[in-house]
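# Results of the structural survey
Each chain, written out:
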Amino acid sequence: MSKTVLIIDDSALSRTIINDALKKVGFEVVGLAVNGQKGIDMAIIHEPDIITLDNILPDMLGSDVMKVIKEENLNAKVIVISAVGQDSHKTKMLELGADYYLVKPFTNKDLLDVIYSLV
Amino acid sequence: MKNILTHDEILLARDIINIAMANASNAFTQMAGEDFKIHSVAIQEKIGEKLKFKKNINDDLIVLASTIEGEIHAESFLILNHNDAYELASLMLTGDMENNEIMRDAMLLEIDNILTASVVTQFANFFDLMIFGQVPKIFRMKKTEAENLIHDKVEEFELHFSVKTNFITHQSKFYPKFVWVFSNYFLNQIKKVKENEKTLELISKNKGLIEKYILN
């Protein structure tokens, strides 16, 4: 059975790029969320194996979504994908339980290398 | 005009800004797959002087604006004309996406998001502060409207420090402008870190970025 992925990103371009890259190699994308609240709702409904999470969303920060994922005991591997590259943000997200912090811009290979290392 | 920074502080600010802009150029190069450089980084430390674009700038512009929040307040503006947007779409989008206006706008917003964040990342690391860019906004406007939009931010910040630069690439003919307006707090940070060994070491470590990406 293919691994399931939820993509949480307000950028339509990022959602499309990540979605295409993952579908091409056989992942099942179960949801594309444009903001944090929709992402949380979809994560609870679908319980995906992997969540790609943008750090700055229109309605909340990625760290807020991360906290709910942990509170709800979801077992998804969380890859934060963000243009925000400063050390303090990376450390905070990893401390909250993210499995990896990938800084934009990235190549499809960068993304797949990270995902394959986690699942 | 009133000088707020000393000569040495201006040199320090110039180094930090050049490294941050070079980092944006590096990000642009990675995104577009073309060698982008930064041209003429103009730093202005002025009160109440309105930024004016050159007369040869196309009148119909696309302006991407990002608000920087956290411990430093600033606003960034990535300014392109419609031809720039088409050129970028042909570089970065494939198949049907290239001619889809929604995806073109999404691409521009994402470019702005990444460029702004690459600058913010450098400032945050140099000043050891928590700062981040909000979700960018896109506007289509005339040149004078864009000048007013930037001037409104200058007035809001009262005292300002601004940076104006161009990205250039030799492979394609387009020249997006990148303008930053900072609040007074940015100047205070420059004064604060001028004798901070960690910051000075970080600047010295990153000077290679300036040589690689900034054209004098």
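Each value, and the rule that gives it
Residues numbered from 1 in each chain as written. Chains lettered and ligands numbered in written order. Predicted model: local features only at pLDDT ≥ 70, side-chain atom pairs only at ≥ 80, totals over all residues. Heavy atoms only, no water. Helix = DSSP H or I, 4+ residues; strand = E, 2+ residues; numbered from the N terminus. Buried < 20%, exposed > 50% of the residue type's maximum accessible area, 1.4 Å probe, protein only. Contact = heavy atoms within 4.5 Å. Areas by Shrake-Rupley, 256 points an atom, 1.4 Å probe, with all protein chains shown as cover. Lys, Arg positive; Asp, Glu negative; His and termini not counted. Charge placed at Lys NZ, Arg CZ, Asp CG, Glu CD. Axes fitted to C-alpha atoms, helices over the stretch in contact; angles between N-to-C directions. Parallel < 35°, antiparallel > 145°, perpendicular 65-115°, else oblique. Left-handed = near helix turned anticlockwise from the far one by under 90°. Nonpolar A, V, L, I, M, F, W, Y, C, P; charged D, E, K, R; others polar. Buried area = accessible area lost by both parts, 1.4 Å probe. Salt bridge = Lys/Arg side-chain N within 4 Å of Asp/Glu carboxyl O. Polar contact = N/O pair within 3.5 Å; in protein donor to acceptor, adjacent residues only side chain to side chain.

Quick look at the overall build of chain B now. When its secondary structure is counted, chain B shows six helices and eight strands. For chain B, the sequential pattern of α-helices and β-strands runs α-β-β-β-α-α-β-β-α-β-β-α-α-β. Its C-alpha atoms give chain B principal-axis dimensions of roughly 55 × 35 × 30 Å. Residues counted as buried form 56% of the 216 residues belonging to chain B. When contacts within chain B are restricted to residue pairs at least 6 apart in sequence, those whose partners lie at least 24 apart make up 77%. Accessible surface, chain B: about 10,000 Å² in total, of which carbon and sulfur atoms supply 48%. The averaged location of the 31 negative side-chain charges in chain B is 5 Å from the averaged location of its 24 positive side-chain charges.

Looking now at the packing of helix α1 (residues 12-24) of chain A against helix α5 (residues 108-118) of chain A. All names here are of chain A. At a closest axis distance of 10 Å, the pairing of α1 and α5 adopts a crossing angle of 60°. Judged by the angle between their axes, α1 and α5 are oblique. Note on packing geometry: the crossing formed by α1 with α5 is right-handed. Along its contact with α1, which presents Ile17, Ile18, Ala21 and Leu22, the element α5 presents Asn108, Leu111, Leu112 and Ile115. Each residue belonging to the contact of α1 with α5 can be placed in one class, and the counts come to seven nonpolar, one polar and no charged.

All right, on to the interface of chain B and chain A then. Taken together, the 23 residues of chain B in the interface contact 19 residues of chain A. Between chain B and chain A lies a buried interface of about 1,600 Å² when both sides are counted; carbon and sulfur atoms form 68% of it. Contact with chain A buries surface across chain B, with Glu110, Met130 and Val135 of chain B losing the most and accounting together for 28% of the total. The tally of links between chain B and chain A comes to one salt bridge. For Lys104 of chain A, the salt bridge is made with Glu110 of chain B, and the minimal N-O distance between the two is 2.8 Å. Linking chain B with chain A are five residue pairs in polar contact (both at pLDDT 80 or more).

A word on the pattern of salt bridges. Counted according to the given criterion, the structure contains 12 salt bridges over all chains. Here Lys142 of chain B ties to Asp60 of chain B by a salt bridge, and the two come within 2.6 Å at their closest N and O atoms. Taken as a pair, Lys142 of chain B in strand β5 (residues 137-142) and Asp60 of chain B in strand β2 (residues 60-70) lie far apart in primary sequence, 82 residues in all. Using a relative accessible area of 34% as the deciding quantity, one classes Asp60 of chain B as partly exposed. Between Lys153 of chain B and Glu156 of chain B there is a salt bridge, with its nearest N and O atoms 3.0 Å apart. Of this pair, Lys153 of chain B and Glu156 of chain B both sit in helix α4 (residues 143-157), three residues apart, which is roughly one turn of the helix. By relative accessible area, which is 15% here, Lys153 of chain B ends up buried. Connected through shared salt-bridge partners, Asp9 and Lys104 of chain A together with Glu110 of chain B make up one network.

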